[in-house]
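Chain by chain, the residues run as shown.
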Amino acid sequence: MNLLKETITDQEFLQNLIPQKPPFIMVGKLLQYTDTKIVSGFIVPEDNLFVFENRFMAPGLIENMAQTVALHTGYKYYLAQKPAPTGYIGAIKKATVNALPFVGQELETTVEILHDIMGITLVSATVTCEGIILASSEMKTALAN
């Protein structure tokens, strides 16, 4: 069940849910949220740190997946009326990049929580654009506090 009534696009609100700050923001919308799944949106800006020759490079796709995980955690803490914690990528495995999106294209990133135990979260993440799977991975993240 989607616990989100409508898409959240307020950049200041979203940035308060994740530890990253401009210019290192790789999420722009919160599209869906449940206890075990989140879907974020991100329109690739021309001035993004990971844009090269008008394409959003693989490290940007990986960071987008990681920030979507952070967005899930941050929104969960927001709903519990607690401050968002800082987290770190502990491991990335099975990372696949099939294609690189262009500036101006909108990414939709889906993260499914596979396990969440004592601040360690294992997720499966997929980035799509216009219905095409661009990248996928499994990530393990850990909360710092």
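Below is a short write-up of the structure. Keep in mind the model is a prediction, meaning the values are calculated, not measured. (Residues numbered from 1 in each chain as written. Predicted model: local features only at pLDDT ≥ 70, side-chain atom pairs only at ≥ 80, totals over all residues. Heavy atoms only, no water.)

On the surface, a nonpolar cluster with roughly 440 Å² of combined accessible area is contributed by M1, L3, Y78 and L79. Tracing the backbone shows L79 in helix α2 (residues 58-79). You can call L79 partly exposed: its relative accessible area is 44%. (Patch = residues over 30% accessible without salt bridge, like charges linked within 9 Å, V, L, I, M, F, W, Y side chains within 5 Å. Areas by Shrake-Rupley, 256 points an atom, 1.4 Å probe, with all protein chains shown as cover. Salt bridge = Lys/Arg side-chain N within 4 Å of Asp/Glu carboxyl O. Helix = DSSP H or I, 4+ residues; strand = E, 2+ residues; numbered from the N terminus. Buried < 20%, exposed > 50% of the residue type's maximum accessible area, 1.4 Å probe, protein only.)

Another point: the packing of aromatic side chains. Evaluation of the coordinates by the stated rule reveals five aromatic pairs. For the pair F13 and Y78, a centre-to-centre distance of 4.9 Å together with 85 degrees between the ring planes defines the contact as edge-to-face. Here F13, found in helix α1 (residues 11-17), pairs with Y78, found in helix α2; they are 65 residues apart in sequence, far enough to count as distant. Since its relative accessible area comes to 40%, Y78 is described here as partly exposed. Relative to Y75, the ring of Y33 lies with its centre 4.9 Å away and its plane at 70 degrees, an arrangement referred to as edge-to-face. One end of the pair, Y33, is in strand β1 (residues 29-33); the other, Y75, is in helix α2, and 42 residues separate them in sequence. Exposure remark for Y33: the relative accessible area of 1% places this residue in the buried category. Note on Y75: relative accessible area 7%, which makes it buried. Counting every residue linked through ring pairs, the aromatic cluster contains F13, Y33, Y75 and Y78. Over the ring of F102 we find R55, and its NZ or CZ is 3.9 Å from the ring centre. (Phe/Tyr/Trp six-rings, centres within 6.5 Å; stacked < 30°, edge-to-face > 60°. Lys NZ or Arg CZ within 6 Å of the ring centre and 35° of its normal.)

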